[in-house]
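The chain contents come next:
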Amino acid sequence: MHLGALFISQHVLTSGSVRETARRFQLSPSTVSAALHHLETELAMKLTERASGELVTLIASGRVLEGLTPITAAVRELGQCTGHDSAADAYQTWASRIPVKIVTIERFLEVADQGSINRAARRLRLGQPQLSLQLANLEKFLGGRLFERQAQGSVLTEEGRRAYQIFTTISQAWNDLKSQADERYRRTARSLRIGSIIPTGSESWVARCLGALVSEWNVGRNNNAISLVSMTADDLREALKSGRIDVAILDSVFGLESFRHRELLQTEMVVIAPPDSIETNVADLVAAHPICMPSPRTGLGHAAMAFSDERTPNRRLRSRDITAADSLPVIVDLVANHGYVSFLGRVSAMPIADKVRIVDLDEHLPMSYHVAFNHRKAAADACTAIIEAAARITAEPVAQITARDKARENAA
């Protein structure tokens, strides 16, 4: 990792913009992006993501910025040593191009601590010529001698002592950041990361499956701790591909060809309507109520959108008239309390039958849920446990008719 890349990354995280950083430092956007990616790789954490074409800094970036502060302060001191005043216009251009690597800094500190290039080379398991060349390049960059070579070893010059203080600050700050990353990596390596589509609520089959999995997993004293996250189907596929999760519960089989996957359960699409609604078919419900459905980023939302576009000529079912949301609990609240209608899989609708009306579609529209997983044995074990839990939970009887529905049936 170069000091210049750390300086670039600090500015990106502060400004929130790759292009602005590139303009200010007179670099290409690809160079700036590469510096940030290198930092994310070194720290084993995601610091930014793209949203609607814009760079968004994540919560973790704040802690990293704090860790980079002493490094950028030390770079300013380094600039003063080399005649680059931080107040000058050219300073940032210079700082963003510092070619000195952290590993070179640590080797310089080792030589200074040992007082001998020979002893330092043996401890570092390097050849003496290689280490001497790195020190010579460092001296060339700084524009002065760092060591006086004497019979008894190498002694720091005045410039060397000042560089030692600056580089010690940089090394300690970097090691603090790296030690946190190493601990995160160890925790991640031990954990089994499971992603799922967003549950409709705590009573949903997805939430109950995951709860059963965690409980049974921990009772079995498994060595792999479980961590859970909910995303849309598109995000789950991307997270599985990048290795950020090990197992994914999805409401679509689309895009799973390159993953190991198994069918979790089958169901069909239904309409959920306000509990006091009286319409009995989809066309009448849509004509009388606003619509909110899962976004096309979810398998359910994609299927519902295709159903509405292909089977219904009414413009109220066209995408321009639909409110899309990635939060199923919000959709359920809109239906139950604010007069909206939406679409769900029957297996997801049944646990909330006391809050909404469930209306069958005019045509049978099958849906299937799947679980995809990577090569880890723990992931395959979790997949099996999830399938067993889903079969058990969805086979349990659910209160399907509300008291209001019963009254309506009796009146009929």
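In what follows, the accompanying structure is described. Given the structure is predicted, the values throughout are model-derived calculations rather than measurements.

1. Focus: the overall build of the chain
Scanning the chain from N- to C-terminus turns up 17 helices and 13 strands. A separation threshold of at least 6 residues defines the contact pool for the chain, and within that pool the share at least 24 residues apart is 70%. Accessible area for the chain stands at about 20,700 Å²; split by element, carbon and sulfur atoms hold 50% of it.

2. Brief notes about the pairing of strand S4 (residues 153–156)
Pairing between strand S3 (residues 147–150) and S4: four bridges, direction antiparallel. When the sheet's bridge partners are listed, Glu148 is paired in S4 with Val155. Taking the residues between adjacent antiparallel strands as the criterion, S3 and S4 are bridged by two residues.

3. What to know about unusual backbone geometry
Residues other than glycine seldom take positive phi values, yet Gln26 does so here, at roughly 60°. Among the secondary structure elements, Gln26 is positioned in the loop between helix H2 (18–25) and helix H3 (29–43). By relative accessible area, Gln26 is classed as exposed at 59%. With a phi angle near 60°, Arg125 is a residue other than glycine that sits in the positive phi range. In this structure, Arg125 sits in the loop between helix H7 (117–124) and helix H8 (128–142).

4. Points about empty space enclosed by the protein
Per the counting criterion, the structure on display carries one cavity of 30 Å³ or more. By volume, the largest cavity amounts to about 160 Å³. Considering the residues around the largest cavity, the lining is formed by 18 residues, among which Ile197, Ile198, Asp251, Leu300 and Leu328 are closest to the centre. The residue inventory of the lining of the largest cavity, partitioned by class, reads 11 nonpolar, five polar and two charged. Looking at the lining of the largest cavity, you find at least three residues from each of domain 2 (193–265 + 367–407) and domain 3 (268–366).

Conventions adopted
- Residues numbered from 1 in each chain as written.
- Predicted model: local features only at pLDDT ≥ 70, side-chain atom pairs only at ≥ 80, totals over all residues.
- Heavy atoms only, no water.
- Helix = DSSP H or I, 4+ residues; strand = E, 2+ residues; numbered from the N terminus.
- Contact = heavy atoms within 4.5 Å.
- Areas by Shrake-Rupley, 256 points an atom, 1.4 Å probe, with all protein chains shown as cover.
- Pairing = 2+ DSSP bridges.
- Buried < 20%, exposed > 50% of the residue type's maximum accessible area, 1.4 Å probe, protein only.
- 1 Å grid on protein atoms, 1.4 Å probe; cavity = no way out; pocket = protein on both sides within 12 Å on 5 of 7 lines; lining within 4 Å.
- Points joined across faces, edges and corners; volume = space filled by probe spheres on them.
- Nonpolar A, V, L, I, M, F, W, Y, C, P; charged D, E, K, R; others polar.
- Domains from an automatic or database assignment.

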